[in-house]
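# Observations on the model geometry
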Amino acid sequence: MSELLALGWEEWVGLPELSLPAIKAKVDTGARTSALHAVAIEPFGTEKNPQVRFIMHPDPADPTIEVICSAKVIDRRNVTSSNGSTELRYVIRATVHIGGKKWPIDISLTNRETMGYRMLLGRSALIDGVSVTPGLSFQQPILDYSAYKKPQRKKSIPKRPLRIAILTQEPSNYSNRRMIEAGEARGHVVDCIETSRCYMAINAHKPEVYYDGKALPRYDAVIPRIGARLTFYGMAVVRQFESMGVYCVNRSASIGASRDKLLAHQVLAQHRLGMPTTAFAKSSHDTKGILDVVGGAPVVVKLLESTQGKGVVLADTRKAASALIDAFRGLNAHFLVQEFVKEAGGSDLRCFVVDGKVVGAMMRTAQAGEFRSNVHQGGSVKKVRLTKEERRVAIKAAKILKLSVAGVDILRSDSGPKILEVNSSPGLEGIEKATGVDIAGEIIECIEANVPTMFRTGTKG
Ligand code: ADP
Ligand code: MG
């Protein structure tokens with residue numbers, strides 16, 4: 001440091017990398033290491049990449065202000081505090097800002113709830129050029145806690161290591177492997193949690209999710225990858241994370257709405273998005289009426305819970321359609337009957353939407369003799385350029401269903417784009433290979449931009 005920095009025995013400091021713009025600190029040359037107030041300290045990460053996550057209440061007078069911090073652990077040290085007790089503490093490194101100057105310091109984490117100052121600036125932080133006059137206070141500009149009360153601008157939120165969980169039944173599939181890779185490449189720690197192995201304690205006071213006999217740690221974000229077979233239970237687990245205050249990339253209610261084809265159709269129709277004309281019936285015997293609604297054969301009949309094209313059948317003639325509808329009804333199945341969009345020519349568009357943007361799009365084309373373009377039905381994929389209207393429709397569908405990550409499937413019809421369905425756990429393999437886009441990275445960046453760090457908890461203490 002070229003210029004000198006004169007400090008008194010108390011000063012306002014900032015640790016912006018930890019989202020702590022203003023802390024009133026005691027400058028104490030009697031202590032060696034600097035210390036920061038931290039509660040709910042939880043180590044995470046790996047031996048090679050050790051991290052620690054903690055909660056800091058910067059304003060001693062207002063415990064409702066809560067900042068979630070995380071940082072790389074550089075050491076664990078026995079520290080003896082002024083009251084003589086020794087404690088093994090996590091030590092992190094962060095850049096301290098005081099009066100226009102900044103430099104890195106080592107900070108140990110400890111509960112300072114009962115102390116007058118939330119931070120102690122020790123001897124090792126007082127590098128060359130910093131002088132302390134113990135008789136004076138506030139020699140540098142005085143700050144206040146107002147920054148914690150204002151909503152943060154997304155761009156100004158510092159990147160911190162995040163602890164992310166993927167909720168999935170298939171930890172090692174392509175999509176999950178890619179998201180782990182993309183998360184780790186950006187300095188985060190990503191765990192896979194098997195949805196069906198989670199169990200929950202449901203109470204108002206301290207909602208938790210248990211796994212293998214233990215309560216799960218606090219995650220900053222959850223990426224739900226809920227398969228069709230586990231929708232009901234998976235939604236409950238996601239809801240539990242939501243009630244714990246964890247940021248969920250797609251919320252439970254949105255997953256449910258998109259999974260229920262009928263509900264999704266009704267909601268999207270309310271917002272005037274184009275869809276194939278669709279009729280829905282449970283026990284009506286008016287097969288003729290149902291077919292008339294959609295304009296007669298050919299029609300597509302779909303089981304409501306169909307995925308991968310498995311419950312989707314094309315009936316070419318009115319006679320075949322009637323027989324099919326009667327058969328489904330006899331099985332007490334929920335189904336919908338839909339106009340067949342012939343001009344789509346066995347192709348549909350998969351638009352991958354992340355955080356309100358189409359980050360990639362591909363065209364899936366059915367194999368010869370098949371109208372379903374699903375990859376599981378032998379369909380092939382290639383990169384495609386969307387029209388402006390297709391892009392708008394895809395973004396709007398994801399927005400209406402409040403999905404931050406969505407695969408919006410669209411048919412190209414003579415009367416414009418028609419939405420087939422919106423998938424809340426779209427696979428990454430096809431789209432990344434077809435487009436060459438790092439979709440996993442986009443999902444991680446969506447989390448970085450949306451995970452809240454500062455909270456007003458509303459409850460004191
Ligand atoms: P799933 O959820 O099982 O994938 P979809 O509704 O997406 O069911 O239908 C599967 C595939 O069948 C679609 O990707 C599309 O290629 C084709 N398809 C579905 N509905 C229609 C339709 N109304 N007109 C033309 N093709 C359709
Ligand atoms: Mg589909």
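Please read all numbers here as calculations on a predicted model, not as lab measurements. Here the residue numbers are simple positions, counted from 1 along each chain's written sequence. By the order in which they are written, chains take letters starting at A while ligands take numbers starting at 1. The predicted origin of the model limits local features to residues at a pLDDT of at least 70 and limits the giving and counting of side-chain atom pairs to 80 or more, whereas totals for whole chains, interfaces and linings rest on all residues. Note that the side-chain values use all heavy atoms of the structure and ignore hydrogens as well as water.

## Some remarks on the overall build of the protein
- Only DSSP runs of H or I covering at least 4 residues are called helices, and only runs of E covering at least 2 are called strands; the numbering of each starts at the N terminus. Looking only at helices and strands, one finds nine helices and 28 strands in the protein.
- Overall, the C-alpha framework of the protein stretches about 95 × 45 × 35 Å when taken along its three principal axes.
- The buried share among the 461 residues of the protein stands at 52%.
- Look at the contacts in the protein between residues 6 or more apart in sequence, and 65% of them connect residues 24 or more apart.
- Each accessible area value is a Shrake-Rupley result obtained with a 1.4 Å probe; residue values ignore everything except the protein chains displayed when judging cover. In the structure as shown, the protein presents an accessible area of about 21,700 Å², 52% of it carried by carbon and sulfur atoms.
- Note on charges: Lys and Arg go in the positive column, Asp and Glu in the negative column, and His and the chain ends are not counted at all. Charge positions are represented by NZ for Lys, CZ for Arg, CG for Asp and CD for Glu. Within the protein, the 47 negative side-chain charges are centred at a point lying 2 Å from the centre of the 63 positive side-chain charges. Whether a residue is buried, partly exposed or exposed follows from its accessible area with a 1.4 Å probe, protein chains only, as a fraction of its type maximum: under 20%, in between, or over 50%, in that order. Only heavy atoms enter the contact rule, under which two residues are in contact if any of them lie within 4.5 Å.

## Description of the sheet that holds strand β24 (residues 357-365)
- For two strands to pair, DSSP has to find at least two bridges joining them. Strand order in the open sheet made by the five strands is β25-β24-β23-β26-β27, with antiparallel pairing throughout. Two strands close off the open sheet at either side, each with one partner strand: β25 (380-383) and β27 (416-423). Between one strand axis and the next, the sheet turns by 30° as a mean value, whatever way the strands run.
- Note that β24 and β25 share four bridges and pair antiparallel. Counterpart to R364 in the pairing with β25 is V381. For helices, the fitted line uses only the C-alpha atoms of the stretch in contact; every axis is such a line through C-alpha atoms, and the angle between N-to-C directions lies from 0 to 180 degrees.

## Observations concerning the packing of aromatic side chains
- Note on aromatic pairs: the rings of Phe, Tyr and Trp (six-membered ring only in Trp) are paired at centre separations within 6.5 Å, and the planes decide the class, stacked below 30 degrees, edge-to-face beyond 60, tilted for the rest. Following the criterion strictly, the structure yields six aromatic pairs and no others.
- Measuring from ring centre to ring centre gives 6.3 Å for Y145 and Y148, while their planes differ by 35°; the resulting arrangement is tilted. The residues Y145 and Y148 share a single accessibility class, namely buried.
- Geometrically, the ring pair formed by F340 and F371 is edge-to-face, given 5.8 Å between the ring centres and 80° between the ring planes. A residue pair is termed long-range when its members are at least 10 positions apart, and F340 in the loop between β22 (335-339) and β23 (347-354) and F371 in the loop between β24 and β25 qualify at 31 residues.
- A residue is classified by how much of its surface remains accessible, and F371, at 23% relative accessible area, is partly exposed.
- Connected via pairs of aromatic rings, a cluster forms that spans W12, Y145 and Y148.
- The criterion is that NZ of a Lys, or CZ of an Arg, lies within 6 Å of the ring centre and within 35 degrees of the ring normal, and then a charge sits over that ring. The lysine or arginine in question, R76, covers the ring of Y90, its NZ or CZ lying 4.2 Å from the ring centre.

## With respect to the pattern of salt bridges
- Take a side-chain nitrogen of Lys or Arg and a carboxyl oxygen of Asp or Glu: if they are within 4 Å of each other, that pair is a salt bridge. Applying the stated criterion to the full structure yields 30 salt bridges.
- Look at the salt bridges and you will find they share partners, linking R178, E181, R186, E432, D438 and E445 into a network.

## Some details on empty space enclosed by the protein
- Using a 1 Å grid laid over the protein atoms alone, points where a 1.4 Å probe fits but cannot get out form a cavity; open sets with protein on both sides within 12 Å along at least 5 of 7 lines form a pocket; any residue with an atom within 4 Å of a point counts as lining. Grid points are joined across faces, edges and corners, and a volume is the space filled by probe spheres set on the points. Under the defined criterion, the tally for this structure stands at one cavity of 30 Å³ or more.
- Size it by volume and the largest cavity reaches roughly 40 Å³.
- Contributing to the lining of the largest cavity are S258, K261, A264, H265, L268, L420, E421 and V422.
- Put simply, the parts of the chain that give the lining of the largest cavity at least two residues each are α4 (261-270) and β27.
- The element that contributes the greatest number of residues to the lining of the largest cavity is α4, accounting for four residues.
- Under the convention adopted here, Pro, Cys and the residues Ala, Val, Leu, Ile, Met, Phe, Trp and Tyr are nonpolar, Asp, Glu, Lys and Arg are charged, and Gly plus all remaining residues are polar. Partitioning the lining of the largest cavity into residue classes produces four nonpolar, two polar and two charged.

## A word on the pairing of strand β15 (residues 208-211)
- Relative to β15, strand β14 (residues 198-201) is paired through four bridges, and the arrangement is antiparallel. Bridge pairing links C198 to Y211 in β15.
- Connecting β15 to the next strand, strand β16 (residues 214-215), in antiparallel fashion are two residues, including D212 with a positive phi near 50°.

## Examining the environment of Q270
- Residue placement: Q270 occurs in helix α4.
- In the structure, Q270 is positioned 130 residues away from I400 in sequence and 9.9 Å away in space, judged by C-alpha atoms.

## Concerning the packing of helix α2 (residues 231-243) against helix α3 (residues 252-259)
- α3 packs onto α2 with a crossing angle of 155° between their chain directions and a minimal axis gap of 8 Å. Relative to α3, the element α2 lies roughly antiparallel. Residues T231, M235, V238, R239 and E242 of α2 touch α3, and the partners they reach there are S252, I255, G256 and R259.
- Broken down by class, the residue content of the contact of α2 with α3 amounts to three nonpolar, three polar and three charged. Working rule for angles: under 35 degrees goes down as roughly parallel, over 145 as roughly antiparallel, 65 to 115 as roughly perpendicular, anything else as oblique.

## Overview of the side chain of E242
- With respect to the helices, strands and loops of the structure, E242 is situated in helix α2.
- Polar contact is defined as a pair of N or O atoms within 3.5 Å, subject to the rule that within protein one atom must be able to donate a hydrogen and the other to accept it, and that residues adjacent in sequence are counted only when both atoms are side-chain atoms. A distance of 2.6 Å separates a polar side-chain atom of E242 from the backbone nitrogen of S252.

## Focus on the sheet that holds β16
- Strand order in this open sheet of three strands is β14-β15-β16, and the pairing throughout is antiparallel. Every interior strand has two partners, whereas the edge strands, β14 and β16, have only one.
- Relative to the sheet, α2 contacts β14 and β15, its axis offset from that of β14 by approximately 50°.

## Considerations on the site of ligand 1
- Note on definitions. A residue lies near a molecule or strand when any single heavy atom of the residue is within 4 Å of it. Taken together, 21 residues are adjacent to ligand 1, and K261, K302, S306, G309 and D348 come closest.
- Out of a free accessible area of 550 Å², ligand 1 has 98% covered by protein chains.
- Looking at the shell around ligand 1, the elements with two or more residues in it are β20 (299-303), β22 and β27.
- The residue inventory of the shell around ligand 1, partitioned by class, reads seven nonpolar, seven polar and seven charged.

## Concerning the layout of surface pockets
- The calculated volume of the second largest pocket comes to roughly 840 Å³.
- Around the second largest pocket sit 29 residues that line it, and I55, E66, R218, M244 and G245 are the ones nearest its centre.
- Elements with a contribution of two residues or more to the lining of the second largest pocket: β6 (50-56), β7 (65-80) and β28 (454-456).
- When grouped by side-chain class, the residues that make up the lining of the second largest pocket number 13 nonpolar, seven polar and nine charged.

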